[in-house]
Amino acid sequence: MSIFEYNGSALVAMVGKNCFAIASDRRLGVQLQTIATDFQRIYKIHENLFIGLSGLATDAQTLYQRLVFRHKLYQLREERNMKPETFASLVSAILYEKRFGPYFCQPVIAGLGDDNKPFICTMDSIGAKELAKDFVVAGTASESLYGACEAMFKPDMEAEELFETLSQALLSSVDRDCLSGWGGHVYVV
């Protein structure tokens, strides 16, 4: 079993018409044993920017604390919030500087940029970005999430339809993965 699969996770972000949604499961486990059923994997950076961290839970929490610190420094220096593209570059740089002893995390970043243009991306544990125009997935349930999202995604969905589509994709995917589950958290912006 890979260290990325130790705690289990399912993360997905999807783009709609001037909106985005990001969702995760709620299970925290140690291999096949469930420890908690209300674990938070999605974190709010500011009102238009969220990050989801799948992988090893302790590394995810440590990485989140470093990201909050760096975002606050940026806010003090620039007197504005980070754009999603800038934040993705920051996350990538932080992961890459630890490439020889990496954080065992796969981040999913979702945000609204200029003119309410949605931005989503994911990256591996050393910060190699993968940008997408429709959806991105991460975690142990990523294979089934890819299939469900490919089948259910339509371009330019409104917020309510996006919520329903993402919720159904997440729930049908975690049913096919024993390392994730127990419902989900969905954020629509």
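Notes on the structure in this doc start here.

Procedures and definitions
Residues numbered from 1 in each chain as written. Predicted model: local features only at pLDDT ≥ 70, side-chain atom pairs only at ≥ 80, totals over all residues. Heavy atoms only, no water. Helix = DSSP H or I, 4+ residues; strand = E, 2+ residues; numbered from the N terminus. Contact = heavy atoms within 4.5 Å. Core = buried A, V, L, I, M, F, W, Y, C linked by side-chain atoms within 4.5 Å. Buried < 20%, exposed > 50% of the residue type's maximum accessible area, 1.4 Å probe, protein only. Pairing = 2+ DSSP bridges.

Thoughts on the side chain of Ser-24
Here is step 1: Here Ser-24 lies in strand β2 (residues 20–25).
Here is step 2: Setting aside anything within four residues of it in sequence, one finds Ser-24 in contact with Ala-10, Leu-11, Arg-41, Ile-42, Leu-170, Gly-183, Gly-184 and His-185.

A word on the nonpolar core
The tendency in soluble globular proteins is for nonpolar side chains to be buried side by side.
Here is step 1: Judged by nonpolar contacts, the single largest core of 22 residues is most densely connected at Ile-51, Leu-63, Leu-67, Phe-87, Val-91, Ile-109 and Met-123.
Here is step 2: Where this core is concerned, the elements lending two or more residues are β5 (42–46), β6 (49–55), α1 (57–78), α2 (84–97), β7 (105–112) and β8 (118–123).
Here is step 3: The residues touching Phe-87, leaving out its near neighbours within four places in the chain, are Ile-45, Leu-49, Ile-51, Leu-67, Met-82 and Ile-109.
Here is step 4: By size, the runner-up hydrophobic cluster in this structure holds 19 residues, among which are Val-12, Phe-153, Met-157 and Leu-166.

A few points about the pairing of β2
Here is step 1: Here β2 lies mainly inside the structure; six of its six residues are buried.
Here is step 2: Side chains of β2 alternate between two faces, with Phe-20, Ile-22 and Ser-24 and Ala-21, Ala-23 and Asp-25 buried alike.
Here is step 3: In this structure, strand β1 (residues 10–15) lies alongside β2, joined through five bridges in antiparallel fashion. Paired with Ala-13 across the strands is Ile-22, a residue of β2.
Here is step 4: Counting the residues between successive antiparallel strands, the hairpin from β1 to β2 contains four residues, one of them, Asn-18, with a positive phi of roughly 55°.
Here is step 5: Here five bridges tie β2 to strand β11 (residues 184–188), and the two strands are oriented antiparallel to one another. When the sheet's bridge partners are listed, Ala-23 is paired in β11 with Val-186.

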